[in-house]
Amino acid sequence: MQQRASSTREIPDAESIPRHIAIIMDGNGRWARNRFMPRVAGHRQGVETVRSVIKACIERNVSYLTVFAFSSENWRRPTDEISFLMQLFANALEHEINKLHENGICFKVVGDLSKFDAGIVQAIQRGQHLTSQNTRLVFTVAANYGGRWDIMQAIRKLMAQSNGSALESFDFEEEDLSQYLALNYAPEPDLFIRTGGECRISNFLLWQLAYTELYFTDTLWPDFNAQELDHAIQSYQKRERRFGRTSEQLQVVVPTEG
Ligand code: IPE
Ligand code: IPE
Ligand code: MG
């Protein structure tokens with residue numbers, strides 16, 4: 001499952017189902033507010049949506065699903081909301097890991113785990129270990145993740161490998177750095193989805209989204225479902241992924257017989 005090829009250098013089949021879908025699950029708070037409920041009720045409902053989207057991805061043969069659950073900037077939220085989100089994460093780890101495993105799903109977490117409670121870190125490690133050989137879907141949760149953090153930690157690891165050579169004389173390529181990025185086991189996302197109406201990346205996968213097709217929907221995350229996923233995939237299938245080339249260069253010349 002080691003997959004380091006850069007999608008900026010190869011052209012995936014545009015007609016096909018995206019191999020890797022990355023989602024910013026936004027709009028939980030507004031969903032709750034619209035119902036005169038506390039924001040946290042939206043987060044709870046959001047977990048249900050994650051469950052149904054995992055199922056839909058498996059049914060559609062998506063190989064990698066990555067969801068943004070908590071950003072490195074979300075620590076700026078009120079402490080009671082943060083505590084609730086941590087508790088929700090801990091509960092989900094406790095109750096969902098075995099189900100993921102039974103369904104052949106490989107579970108991963110990317111992000112700076114140093115800020116999490118020891119119990120959460122242990123549950124993550126247990127889940128990753130238990131499901132490491134599963135191949136039906138690689139499901140990654142980005143928690144305390146930031147695209148800038150990811151690039152910085154990769155640079156630190158790369159420099160640690162430079163054997164003390166001076167920066168000027170240390171020659172390295174894109175792949176030398178990308179092997180240390182948190183998602184080094186996955187191809188770059190083909191399709192990015194953000195729910196909740198905002199058209200921004202909010203420090204998600206900055207490196208990996210270089211040539212990803214972007215899809216924004218006003219649908220709030222708790223209302224997102226398999227049908228909405230299909231709309232996003234249909235939009236993706238209409239795109240022409242050129243990776244810097246011209247449209248003409250992409251036309252496949254089929255040799256005629258005789
Ligand atoms: C996304 O929903 C979930 C997290 C960031 C944890 P929000 O909580 O951002 O919901 P809105 O954007 O305020 O509606
Ligand atoms: C992005 O949502 C982070 C997650 C969904 C985890 P936010 O709601 O935090 O993003 P901003 O603050 O509106 O950019
Ligand atoms: Mg939000």
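Scroll up for the structure.
The notes below deal with the structure included here. Fair warning: this is a prediction, and the values are worked out from it, not measured in the lab. (Residues numbered from 1 in each chain as written. Chains lettered and ligands numbered in written order. Predicted model: local features only at pLDDT ≥ 70, side-chain atom pairs only at ≥ 80, totals over all residues. Heavy atoms only, no water.)

**Let's talk about the environment of Leu100**
Stage number 1. Inspection of the secondary structure puts Leu100 in helix 3 (residues 79-102).
Stage number 2. For Leu100, a relative accessible area of 9% corresponds to the buried category. (Helix = DSSP H or I, 4+ residues; strand = E, 2+ residues; numbered from the N terminus. Buried < 20%, exposed > 50% of the residue type's maximum accessible area, 1.4 Å probe, protein only.)

**Concerning the pairing of strand 6 (residues 213-216)**
Stage number 1. Side chains of strand 6 alternate between two faces, with Glu213 and Tyr215 buried and Leu214 and Phe216 left unburied.
Stage number 2. Of the strand pairs in this sheet, strand 5 (residues 191-194) and strand 6 are connected by four bridges, and their pairing is parallel. For Phe192, the partnering residue across the bridge sits in strand 6 and is Leu214. (Pairing = 2+ DSSP bridges.)

**Considering the pattern of salt bridges**
For side chains of opposite charge, pairing can occur when their charged atoms come near one another.
Stage number 1. Inspection of every chain in the model, using the stated rule, returns 16 salt bridges.
Stage number 2. Among the ionic pairs, Arg30 bridges to Asp26, the shortest N-O distance being 3.4 Å.
Stage number 3. Judged by relative accessible area, which is 24%, Arg30 ranks as partly exposed.
Stage number 4. In this structure, Arg51 and Glu96 form a salt bridge, with 2.5 Å as the shortest nitrogen-oxygen distance. With Arg51 in helix 2 (residues 39-59) and Glu96 in helix 3, this residue pair connects regions lying 45 residues apart in the sequence.
Stage number 5. Take Arg51: its relative accessible area is 34%, and that puts it in the partly exposed class.
Stage number 6. Glu96 sits in the buried class, given a relative accessible area of 16%.
Stage number 7. The network of salt bridges with shared partners includes Asp26, Arg30, Arg194, Glu198 and Arg200. (Salt bridge = Lys/Arg side-chain N within 4 Å of Asp/Glu carboxyl O.)

**Observations concerning the site of ligand 2**
Stage number 1. What surrounds ligand 2 is the set Ile24, Met25, Asp26, Phe68, Ala69, Phe70, Ser71, Asn74, Arg77, Arg194, Arg200 and Ser202.
Stage number 2. Separating an oxygen atom of ligand 2 from a side-chain N or O atom of Arg77 is a distance of 3.2 Å.
Stage number 3. Contact between ligand 2 and Arg194: an oxygen atom at 3.3 Å from a side-chain N or O atom of the residue.
Stage number 4. Burial of ligand 2 by the protein amounts to 79% of the accessible area it has alone, namely 390 Å².
Stage number 5. Looking at the shell around ligand 2, the element that brings in the most residues is strand 2 (residues 64-71), giving four residues.
Stage number 6. Among the residues forming the shell around ligand 2, the class breakdown is five nonpolar, three polar and four charged. (Near = heavy atom within 4 Å. Polar contact = N/O pair within 3.5 Å; in protein donor to acceptor, adjacent residues only side chain to side chain. Areas by Shrake-Rupley, 256 points an atom, 1.4 Å probe, with all protein chains shown as cover. Nonpolar A, V, L, I, M, F, W, Y, C, P; charged D, E, K, R; others polar.)

**With respect to the packing of helix 2 against helix 3**
Stage number 1. Relative to each other, helix 2 and helix 3 sit at 25 degrees, their axes nearing to 11 Å. Classified by the interaxial angle, the pair formed by helix 2 and helix 3 is roughly parallel. Between helix 2 and helix 3 the crossing geometry is right-handed. Contact residues: Arg39, Val40, His43, Arg44, Val47, Arg51 and Ile54 in helix 2; Glu81, Phe84, Leu85, Leu88, Glu96 and Leu100 in helix 3.
Stage number 2. Its residues assigned to classes, the contact of helix 2 with helix 3 comprises seven nonpolar, one polar and five charged. (Axes fitted to C-alpha atoms, helices over the stretch in contact; angles between N-to-C directions. Parallel < 35°, antiparallel > 145°, perpendicular 65-115°, else oblique. Left-handed = near helix turned anticlockwise from the far one by under 90°. Contact = heavy atoms within 4.5 Å.)

**Looking at the state of the cysteines**
Stage number 1. In this structure the tally under the stated criterion is zero disulfides.
Stage number 2. Cysteine Cys57 is unpaired, with the sulfur of Cys106 as its nearest cysteine sulfur at 15 Å. (Disulfide = S-S within 2.5 Å.)

**Concerning the nonpolar core**
Stage number 1. In terms of nonpolar packing, the biggest core is built from 40 residues, with Ile21, Ile23, Ile54, Leu65, Phe89, Phe139 and Ile193 touching the most fellow members.
Stage number 2. The element best represented in this core is helix 3, accounting for seven residues.
Stage number 3. Here Ile54 is in contact with Leu65, Leu100, Ile105, Leu137 and Phe139, once residues within four sequence places are set aside.
Stage number 4. Membership of the second largest hydrophobic core comes to 17 residues, among which are Tyr145, Tyr185, Ala186 and Phe192. (Core = buried A, V, L, I, M, F, W, Y, C linked by side-chain atoms within 4.5 Å.)

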